[in-house]
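Okay, here's what each chain looks like letter by letter:
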Amino acid sequence: MAETLAERVWTWLHETFPERQVYVRSDGRVQFFTFAPVFQATIAGLALIFLGWVAFATVNVIFKDRIIAAKDHRYQQTVQTYESRVADLQGSYDEVNSALVTAEDRFKATADELQAKQNAIIGFLNSKQQVDATLTRGNAQPVSEGAAANVDAGAPNDALEAPISPSSLSNEGGGTSELTVSPQPAKPQPRAAKPTRASLLDFGGAVGRIAGALFGRHQPADIDPEIITRHPVLRALAAQTDRVHHLGLIETALMARTQGQVEDGVREIRTVLRRAGMNPDEFEQRVAQAEGGVGGPEIPLSAVHVEGIGDAAFQNAYLRASAVLEQMTELLRGMRHVPLVTPVSGPSFERTSGFGPRVDPFTGRYAFHPGIDFAGPAGAIVRATAPGRVVWADARGSYGKMVEINHGYGIHTRYAHLLSILVQVGATVGEGTPVGKLGSTGRSTGPHVHYEVWYDDVVRNPRNFIEAGRHVFQ
């Protein structure tokens, strides 16, 4: 086949360029030149190449500017296409980066809110534990009653020397129940009015400023769901954020339960006061008045915002629990001055005479006994039943040697028939402080201490206070 093709080319070459001869006559002489087909084809090829090059050069010279302009145009198009692609890539990067930052902010805000909720709950639970510790500051022991009973007053408790305050409510991890509470923007005050600042409970320590809640008032910008769908990392982070948010909803339920526990603490304190024969509402007013003047504008809780908490239900429970905690703190501050124990303790003591009508041991006639008598060995220590200030420490008629203590809030206790007095007028004593030694001075048939409790200048039955203490301490 190769030979046939070569033969065809050779035939075509001879047909197109047949052999030619050129004769040249000069001076009677004739010369001729023979041009073979191959030579003619070669000359023709070279001529075509030359003509093509001339044509190309001519076109370049004539259309030079247009060619350059066309090249520049193609270059600019290439550059624009490249820049457009780079811009698209940069936009995609910025979009993803922005979405990632937003997702991180969401997660951090949700985690911070969850931590704030946990710190608040821990603080309130600690306060409830302190209430329980306060209410169980003594250990009650039954006393023998031949016709009476002995009551163990318990040892002195220094923990009651200072009232529980919200500033002491902190957890072991350093978190506290403090959250920044501030009212929403309010109407302008009159020009003559002084600036006011609304706050709810000054809990010591600081949780600090929180970036904001994921689904709350300071919610970060939304992320396009398509972006999250396209990127696995964003999907995983969004899933974890939702998980933490759901944990925050559980914390809201715990906060509501915590509020209930704090309210239970207040009810328990009021029950103790009621058992002692005291009006809890009046006593609470006295405690509040003893703290000095209070006042300020009335701002409803619905107009108050807790910084870092966007959950309205948690805010409501937190604010209510804060108010109840303040009420409980004031009640505890006052209740530690209520005498709920006996002035003597131990199995060697017994109650020999109660409060109320009895047959007088000296006259044999019916008479009123304004206290309770506790008999025991002479010289035994008689202790104060609550903190207070000594207002009497001397002999006093039929009481014999007597100590009277003012516990504040209209409460007084008397310790009579003492063998000796161990305190002076004006001295400050705590619960369990020795005030005298048991004796039989004054109108007495034997060693005992006559114990009285006065409230609002009216003598009260000490048994009510002791029984209230037994209800708490058991």
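Just so it is clear, the structure is predicted and the values come from calculations on it, not from any experiment. (Residues numbered from 1 in each chain as written. Predicted model: local features only at pLDDT ≥ 70, side-chain atom pairs only at ≥ 80, totals over all residues. Heavy atoms only, no water.)

Caption draft 1: Molecular detail of the packing of aromatic side chains. Scanning the entire structure with this criterion turns up four aromatic pairs. Centre to centre, the rings of F355 and F368 are 5.2 Å apart; their planes meet at 85°, and the pair counts as edge-to-face. Within this pair, whereas F355 is found in the loop between β5 (350–353) and β6 (356–359), its partner F368 is found in strand β7 (residues 366–369), the two being separated by 13 residues in sequence. Accessibility expressed as a relative area gives 26% for F355, which makes it partly exposed. Their ring planes at 40° and their centres at 5.5 Å tell us that Y415 and Y451 sit as a pair that is tilted. A residue pair is termed long-range when its members are at least 10 positions apart, and Y415 in strand β12 (residues 411–421) and Y451 in strand β15 (residues 448–455) qualify at 36 residues. (Phe/Tyr/Trp six-rings, centres within 6.5 Å; stacked < 30°, edge-to-face > 60°. Helix = DSSP H or I, 4+ residues; strand = E, 2+ residues; numbered from the N terminus. Buried < 20%, exposed > 50% of the residue type's maximum accessible area, 1.4 Å probe, protein only.)

Caption draft 2: How the structure looks around the pairing of strand β11 (residues 401–408). As judged from the six bridges shared by strand β10 (residues 388–395) and β11, these two strands associate in the antiparallel manner. Within β11, the residue paired with R389 across the bridge is N406. Here β11 runs beside β12; their pairing, made up of six bridges, is antiparallel. By the bridge assignment, E404 is partnered in β12 with R414. (Pairing = 2+ DSSP bridges.)

Caption draft 3: Up close: the pairing of β15. The buried fraction of β15 amounts to seven of the eight residues, a majority that puts the element mostly inside the structure. Here four bridges tie strand β8 (residues 372–375) to β15, and the two strands are oriented antiparallel to one another. Bridged to F374 within β15 is V449. Both β12 and β15 contribute to a ladder of six bridges, which runs antiparallel.

Caption draft 4: Fine view of helix α7 (residues 312–335). Under the 1.5 Å per step criterion, the end-to-end length of α7 is 34 Å for 24 residues, consistent within 8% with the ideal 34 Å. Among the 24 residues of α7, 17 are classified as buried, and the element is accordingly described as predominantly covered. (Expected span 1.5 Å × (residues − 1).)

Caption draft 5: Structural view of the side chain of D360. Locating D360 in the fold gives a position in the loop between β6 and β7. D360 gets classed as buried once you look at its relative accessible area, which sits at 7%. For D360, the side chain forms a polar contact with the main-chain nitrogen of F362, separated by 2.8 Å. (Polar contact = N/O pair within 3.5 Å; in protein donor to acceptor, adjacent residues only side chain to side chain.)

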